[in-house]
Amino acid sequence: MLIKENATVTICHSRTVDLKKEVLEADILIAAIGKPKFVQKDWIKKGAVIIDVGINEIKNEEGQTELVGDTDFDAICSDGNVKAITPVPGGVGPMTIAMLMQNTLRAFERNNKRIGGDTPLHDASSLSNNEKTIE
């Protein structure tokens with residue numbers, strides 16, 4: 001998607017040589033490495049946008065389980081240098097669920113047409129008023 005918009009895309013992984021240097025050049029960083037708080041504050045370019053896709057369970061100082069991303073969210077946000085950052089939890093998760101539901105609906109509609117159905121699931125025009133009300 002980014003390449004289609006003429007962006008220069010660099011793909012890195014946990015063993016990329018001088019990963020910090022690569023990340024420091026990013027205007028947009030999509031972190032999906034699977035390691036809690038792996039990307040540190042001093043790796044981030046001023047004004048960068050960070051999309052943290054990771055979700056990891058860790059034990060906090062009180063011994064309670066906590067969900068964190070692949071970036072050190074609190075440290076990165078501490079000085080306001082980033083333009084935007086997605087939180088974990090509550091960042092990309094709701095969008096992932098919404099897109100999964102949309103794709104499930106599309107698959108149902110395609111299958112429904114194949115077996116002779118002609119009313120899409122999301123077409124409420126054929127429902128009575130009682131059926132349209134969700135309680």
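Up top you'll find the structure we're talking about.
As a starting point, this report considers the structure included with it. In this text the structure is predicted, and so the values were computed from the model without any measurement. (Residues numbered from 1 in each chain as written. Predicted model: local features only at pLDDT ≥ 70, side-chain atom pairs only at ≥ 80, totals over all residues. Heavy atoms only, no water.)

1. Side note on the sheet that holds strand S5 (residues 84-85)
Pairing between the strands of a sheet comes from backbone hydrogen bonds, and it takes one of two forms, parallel or antiparallel. Here we have three strands laid out as an open sheet, ordered S1-S2-S5, and parallel in their pairing. The open sheet has two free edges, formed respectively by strand S1 (28-31) and S5, since each of these has just one partner strand. Alignment of S1 against strand S2 (residues 49-52), held across four bridges, turns out to be parallel. Residue pairing across strands places Leu 29 opposite Ile 50, the latter belonging to S2. (Pairing = 2+ DSSP bridges. Helix = DSSP H or I, 4+ residues; strand = E, 2+ residues; numbered from the N terminus.)

2. Details of the nonpolar core
Judged by nonpolar contacts, the single largest core of 13 residues is most densely connected at Val 23, Leu 29, Val 39, Ile 44 and Ile 50. Those elements that provide at least two residues to this core are helix H1 (19-24) and S1. (Core = buried A, V, L, I, M, F, W, Y, C linked by side-chain atoms within 4.5 Å. Buried < 20%, exposed > 50% of the residue type's maximum accessible area, 1.4 Å probe, protein only.)

3. Regarding unusual backbone geometry
In this structure, Pro 89 follows Val 88 across a cis peptide bond, with omega equal to -5°. Mapped onto the secondary structure, Pro 89 falls in the loop between S5 and helix H3 (93-114). Positive phi, normally seen in glycine, also occurs at Asp 18, with a value near 50°. Among the structural elements, Asp 18 can be located in the segment before H1.

4. Let's talk about a nonpolar patch on the surface
On the surface, Leu 2, Ile 3, Val 9, Ile 11, Ile 28, Ile 30 and Val 53 cluster together into a nonpolar patch covering about 670 Å² of accessible area. By the element assignment, Val 9 lies in the segment before H1. (Patch = residues over 30% accessible without salt bridge, like charges linked within 9 Å, V, L, I, M, F, W, Y side chains within 5 Å. Areas by Shrake-Rupley, 256 points an atom, 1.4 Å probe, with all protein chains shown as cover. Salt bridge = Lys/Arg side-chain N within 4 Å of Asp/Glu carboxyl O.)

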